[in-house]
Each structure stands twice: as structure tokens, then as C-alpha cells.
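Structural overview for review
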Amino acid sequence: MVGSGPSTIRLLLVAMLLLVAACTETPVDDSLPASGAAAPGSVTDPAAPATATGDATDGDAEDSQGETASFAALERQWAEARAEVVEAIEFGGYGVDEDNVLRGPAGLEIDLDDCPSEWADDAGLDRGAIRIAHTAPLSGNLFAYGHLGSGMGVYFDWVNANGGVDGRDLELTVLDDGYDREQTATLLDELIEEEPPFLVTTLGSPTSLEVYDDLNDECIPHPFVMSSHPAFGDPDGHPWTTGLQLSQTTEALIWGNWIKQDMRGELPVRVAALVIDNEFGVVYEDAFAAWAEANSDVVSEFIPVRHDPQTAGLEEEIAEVVDAEPEVFIAMTTGDPCLLAVQYAGSSGLNEQAMALFTSSTCQQPARYLAPAGNDADGFLVANGGGKSTVDPRYADEPFIAFANQQLAAAGLDTTIGFYGTGFAYYGWAHVEALRIAAELNGGLTRSNLMLAIRSLDLIHPMFLDGIPFSFDGADDGFAIEGSEISRFDAATQTWRPIGPVIDLNGLSPSCSWSGQRC
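Here's a quick rundown of the structure. (Residues numbered from 1 in each chain as written. Predicted model: local features only at pLDDT ≥ 70, side-chain atom pairs only at ≥ 80, totals over all residues. Heavy atoms only, no water.)

**Some thoughts on the overall build of the protein chain**
The number of helices and strands found in the protein chain is 13 helices and 18 strands. When each of the 519 residues of the protein chain is scored for burial, the buried share is 62%. Sequence separation of at least 24 residues holds for 73% of the intrachain contacts in the protein chain that already meet a minimum separation of 6. Counting every atom, the protein chain has about 18700 Å² of accessible surface; 45% of that belongs to carbon and sulfur. (Helix = DSSP H or I, 4+ residues; strand = E, 2+ residues; numbered from the N terminus. Buried < 20%, exposed > 50% of the residue type's maximum accessible area, 1.4 Å probe, protein only. Contact = heavy atoms within 4.5 Å. Areas by Shrake-Rupley, 256 points an atom, 1.4 Å probe, with all protein chains shown as cover.)

**Some remarks on the side chain of Glu195**
Tracing the chain through its elements places Glu195 in the loop between helix H3 (181–194) and strand E7 (199–202). Classification of Glu195 as buried rests on a relative accessible area of 19%. Within polar-contact distance, the side chain of Glu195 engages the side chain of Arg127 at 2.6 Å. (Polar contact = N/O pair within 3.5 Å; in protein donor to acceptor, adjacent residues only side chain to side chain.)

**As for the sheet that holds strand E4 (residues 109–111)**
Spatially, the three strands line up as an open sheet ordered E2-E3-E4, and their pairing is antiparallel. Two strands lie at the open edges of the sheet, namely strand E2 (95–96) and E4, each paired on one side alone. In terms of strand pairing, E2 meets strand E3 (residues 101–103) through two bridges, oriented antiparallel. Bridge pairing in E3 links Val96 to Leu102. (Pairing = 2+ DSSP bridges.)

**Let's talk about the state of the cysteines**
What is meant by a disulfide is a covalent connection between two cysteines, made through their sulfur atoms. Taken as a whole, this structure holds three disulfides when the rule is applied. Paired by a disulfide, Cys338 and Cys363 hold their sulfur atoms 1.8 Å apart. When the S-S torsion is 55°, as for the bridge of Cys338 with Cys363, the disulfide is right-handed. Here the residue Cys338 occupies a position in helix H8 (residues 336–347), and Cys363 occupies one in the loop between strand E13 (356–359) and helix H10 (366–370), the gap between them amounting to 25 residues. There is a disulfide in this structure between Cys512 and Cys519, and the S-S distance comes to 2.0 Å. On the sign convention where negative means left-handed, the S-S torsion of about -90° between Cys512 and Cys519 marks this disulfide as left-handed. The class for Cys519 is partly exposed, based on a relative accessible area of 48%. Each bonded cysteine in the protein chain gets a number by its place in the sequence, and the pairs come out as 1-2, 3-4, 5-6. (Disulfide = S-S within 2.5 Å.)

**As for a negative patch on the surface**
On the surface, Glu118, Asp189, Glu190, Glu193, Glu194, Asp213, Asp214, Asp217 and Glu218 cluster together to form a negatively charged patch. Of the residues forming the negative patch, the biggest block, four residues, is contributed by H3. Looking at the element boundaries, Asp214 is found in helix H4 (residues 205–217). (Patch = residues over 30% accessible without salt bridge, like charges linked within 9 Å, V, L, I, M, F, W, Y side chains within 5 Å. Salt bridge = Lys/Arg side-chain N within 4 Å of Asp/Glu carboxyl O. Lys, Arg positive; Asp, Glu negative; His and termini not counted. Charge placed at Lys NZ, Arg CZ, Asp CG, Glu CD.)

**Structural notes on the pattern of salt bridges**
If the charged atoms of two oppositely charged side chains come close together, the side chains can form a pair. Taken as a whole and judged by the stated rule, the model has 20 salt bridges. Here Glu195 ties to Arg127 by a salt bridge, and the two come within 2.6 Å at their closest N and O atoms. Within this pair, whereas Glu195 is found in the loop between H3 and E7, its partner Arg127 is found in the loop between E4 and strand E5 (129–136), the two being separated by 68 residues in sequence. In this structure, Arg270 engages Glu327 in a salt bridge whose closest nitrogen and oxygen atoms are separated by 3.4 Å. Of this pair, Arg270 sits in strand E10 (residues 269–276) while Glu327 sits in the loop between helix H7 (315–323) and strand E12 (328–332), placing them 57 residues apart in sequence. For Arg270, a relative accessible area of 23% gives the class partly exposed.

**Details of the nonpolar core**
Among the nonpolar cores identified, the biggest contains 111 residues, and Tyr155, Phe224, Trp258, Phe288, Phe400, Leu435 and Phe470 are the most heavily contacted of them. Examining the composition of this core, we find that 14 residues originate from one element, helix H12 (residues 418–439), more than from any other. Leave out the neighbours within four places in its chain, and Phe288 touches Ala252, Trp255, Gly256, Ile259, Val271, Val299, Phe302, Ile330 and Met332. Membership of the second largest hydrophobic core comes to 30 residues, among which are Ile303, Phe329, Val342 and Leu370. (Core = buried A, V, L, I, M, F, W, Y, C linked by side-chain atoms within 4.5 Å.)

**Topic: the packing of helix H11 (residues 399–410) against H12**
Helix packing for two helices is described by the angle between their axes and how far apart those axes are. For the pair H11 and H12, the least separation of the axes is 10 Å and the interaxial angle reads 120°. Classed by the angle they form, the pair H11 and H12 counts as oblique. Viewed along their axes, H11 and H12 form a crossing whose handedness is right-handed. Between H11 and H12, the residues in contact are Phe400, Phe403, Ala404, Gln407 and Leu408 and Tyr420, Gly421, Phe424, Ala425 and Trp429, respectively. In terms of residue class, the contact of H11 with H12 is built from eight nonpolar, two polar and no charged. (Axes fitted to C-alpha atoms, helices over the stretch in contact; angles between N-to-C directions. Parallel < 35°, antiparallel > 145°, perpendicular 65-115°, else oblique. Left-handed = near helix turned anticlockwise from the far one by under 90°. Nonpolar A, V, L, I, M, F, W, Y, C, P; charged D, E, K, R; others polar.)

Right under this line is the structure:
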């Protein structure tokens with residue numbers, strides 16, 4: 001079940017599906033957090049249990065300003081922040097004008113006359129509810145990602161039990177697509193034909209890319225896609241779609257900025273990368289190559305070495321990397337090749353030759369990608385996504401995380417499974433805050449007002465690391481999070497340890513108009 005309680009939640013199960021990752025050549029969704037990771041950004045062993053104690057609404061914790069903040073105080077802060085966003089929208093005169101064009105910050109324009117003739121701005125709001133559709137694999141090899149929707153459902157239940165949004169209950173429908181992109185499209189087509197949802201949120205890159213053109217053509221809000229693919233940061237071409245995770249493009253920029261800041265005494269440096277030869281790797285390669293070209297004083301040469309996604313070994317590719325004599329090595333790959341890259345970096349001497357070695361954020365799970373490499377994994381770096389984790393002991397006593405774990409436990413969910421907490425606190429919270437802002441705008445809660453609210457967001461997400469804003473800027477900035485800390489792997493303790501300050505690149509990630517192969 002996806003939660004329990006006042007909300008009406010239907011699990012539409014299909015026959016067991018063969019797992020088809022048609023958009024990529026690897027058997028996992030490259031753009032999602034590693035299996036078991038609690039949030040984009042978990043830096044400790046993802047199996048570590050939360051240690052929160054006490055009543056979440058009464059317990060105190062130190063906030064970033066050194067003041068105590070209870071959960072009730074957080075709710076007051078969130079209300080104040082929402083009011084500021086509403087005020088900024090009203091001050092800017094944004095909204096649907098007489099010509100039926102939705103106008104927002106930074107030149108955002110959405111012509112509602114381009115929507116289908118049967119389209120309605122208030123579709124999905126009848127019966128006193130806000131209908132939300134979510135696609136995810138509840139069956140198949142990637143069923144664990146379905147826990148994200150379960151956690152989100154528990155948050156919606158709590159919101160409903162406390163008055164809902166604008167007096168309406170959040171009604172979550174979870175569609176089991178088995179991580180089959182064709183099934184995602186079929187299920188959404190059927191649902192939209194039968195009972196149009198107010199909004200749709202999808203999980204995974206191939207599945208989301210399969211439907212985001214149609215959802216934009218249908219003018220159906222498609223916010224907070226559960227993927228790090230940069231295609232979901234395209235406010236001009238796909239104004240009805242947004243992401244919420246750190247994008248691969250931003251991750252590549254963070255690598256570059258860390259090199260610029262932390263290796264300044266060694267600059268310029270040669271950077272070699274092991275790149276998986278599919279769209280996942282190409283995104284990383286293109287973004288870093290563009291950054292390197294614009295920062296020739298930092299990167300003297302960038303040498304990408306591509307590998308077959310189905311390779312059983314990387315000896316030849318790593319040998320080519322070693323021959324390039326890089327000062328920095330980046331594994332722009334995913335899945336099993338991540339472990340191979342770490343192992344071969346040790347056996348080839350690369351980890352002694354290079355001064356810094358990075359793995360991609362999708363390969364930060366210690367048990368799967370690092371522990372088998374033993375001491376060869378020691379010292380590897382990662383940009384871990386910019387988020388907090390509900391299973392990370394460092395954050396267990398923070399009011400919202402303690403509250404999340406309390407609610408998940410009350411719903412019968414295992415709080416040591418991080419995906420539940422991510423769905424509840426990371427995605428659930430974001431949806432509700434955006435809906436609440438939209439409800440306060442002129443005209444009340446509508447699809448167009450929801451997108452205006454999202455494209456105008458400027459909040460502090462309780463699950464983002466301190467110093468990283470949760471913001472969009474109309475047509476100029478289509479990415480919700482553009483910052484991360486860098487962590488170094490400690491092989492002795494099998495944990496990631498943060499090093500240095502958070503790197504915040506808010507507003508600097510270029511929009512991605514996806515061509516089917518690259519931005």
C-alpha cells in the first residue's frame with residue numbers, strides 16, 4: 001500500500017512485466033539514487049538506521065543559525081516563505097493575461113491556446129480532491145523504487161488529516177509501470193482518458209522521457225520528475241515539466257568547480273574520464289567538456305575514454321586512461337562498471353598516479369560499488385547530490401526528519417529503508433508546498449497557477465543541505481537544486497565523509513533541450 005488513512009490511494013497493478021530499460025543500455029535507471037540510498041545526497045552507509053527519539057513535534061534541534069527550531073516552528077517558517085513567493089508573483093504581475101498566455105518570471109510564457117480544446121485548467125479537482133498520478137515500478141527488479149511513492153503517500157495522508165490543501169484531500173493514484181516505458185505511456189493514456197489527474201509525477205529517465213512530450217502537449221503539470229536527467233530542465237520546450245534531483249549537468253559543473261577551488265595550486269590539470277557509451281555518459285561528457293573549454297586555465301586537456309555499456313572488463317579502457325597521465329580521473333559511468341573502474345584504478349596504479357579520483361553520484365552505495373574493491377576505493381570522491389537523508393544519523397534529530405520517521409513508523413513502514421523517507425520528506429513536501437502556493441494565487445488552485453508557483457519557487461527545502469536553495473527562475477533556471485557537498489570515501493569505515501564547504505551553483509546550469517541523444 002502507498003500509505004494509509006484519509007487519502008484515497010489506488011494501486012493499479014498490471015501483470016508481471018519484463019524489465020525493459022529501453023532508453024538506456026544498462027539494467028538500472030542511471031539517473032536515480034543508488035538502491036537503498038535514502039535521498040539524493042546520502043553520504044553514510046544507506047543501511048544505517050535512523051536514531052531519532054522523542055516526539056517530533058516537541059523535540060528541538062539546532063538549525064543552521066544556531067537557534068532551536070521545532071517542527072511547529074518549521075511549519076510557520078514554511079508558511080512565511082510561501083507568502084513571500086505569492087507576494088513576489090503578485091508584485092511581478094504574473095499570471096494568465098487577457099490573451100490567455102501564462103506569464104511568469106524571467107520571460108516565462110505558456111500560451112494556453114496551444115492546449116487541447118477539451119483541456120480544463122481545473123481538471124482533476126472535482127469531488128473535493130486533488131488527483132495526483134504517479135508512475136513507478138511496483139513489480140519487477142526495480143520494485144524498491146516504488147517505495148518512494150509509498151513514502152509520499154504517507155505525507156499526503158498526514159496533510160489530509162490536517163486539513164488538506166485548500167480544503168481538498170490529496171488523492172494519490174500509483175500506476176505500476178514495471179519500469180517499462182511503453183507501459184508508462186499506456187497507463188497514463190488510460191488514466192487521462194478515464195479520469196484526468198490534476199498533475200502527474202513520474203519515476204525514471206526512460207519512462208519519463210517517453211511521456212513528457214505528450215504531457216506537455218496535453219498541458220498537464222508534470223512536476224518533480226524522479227530522475228537526474230537534465231532534459232527535465234527545459235522551461236522553454238517543456239514548460240509543464242520539472243525535475244527535483246541534482247542533474248547530471250550540474251554534477252559535472254560541480255566536479256569542475258571543485259577542481260578549480262581545491263586544486264588551485266596544481267592548475268591547470270589534465271582530466272581523463274571513463275565514459276559509458278550511451279546517453280547517460282554523453283550527458284556527463286558534454287557538460288564537463290563545455291565547462292573545461294570555458295575554463296582552460298583549470299583544465300589543460302580533457303580526455304574522454306568511452307566504454308561499451310555491456311563490457312565485462314575495462315582493462316583496455318583504463319590502460320588508455322593511465323597512458324593519458326591525468327591528474328584527475330572521473331568515472332562517468334554507472335552500474336557494475338563503477339566497481340570495475342574503482343578496482344582497475346587500483347590494479348593499474350591510477351589511484352596513485354592521479355591526485356583526485358571521482359565516481360558518479362549514482363555509484364555511491366558502499367556495499368555495491370566500493371566495498372568489493374577494498375582499499376582501492378579509499379579516497380574516491382563523489383558529488384553526493386545536495387540532499388539530506390532520513391537514515392543518516394547526522395540528521396536524525398532534525399525536527400522534520402524526526403517527524404518523517406515518526407509518521408512512517410506509525411504507517412507501518414520500515415524507517416531504515418531510505419526510499420520511504422525520500423518519498424515522504426523530499427518529494428512529498430515539495431508537491432505540497434507548490435500546491436499551497438498555487439492555491440493562494442489569483443484564481444485559486446489551477447494547473448496554470450501550479451506551474452506559475454513552481455517556476456517562481458524560492459524556498460528552503462528541509463531536505464537540502466544548508467546553503468542550497470530550492471528555487472526556479474521562470475524561463476532562465478529550470479533546475480530546482482544546483483549544489484552539493486563533496487565527500488571522500490573511507491574504506492576503513494565504509495562511509496562517505498564530507499570534505500570542504502557546499503558548492504552552490506544556483507542558476508548556472510544551462511537548460512537542456514533534449515534531442516533524443518544529447519542536449
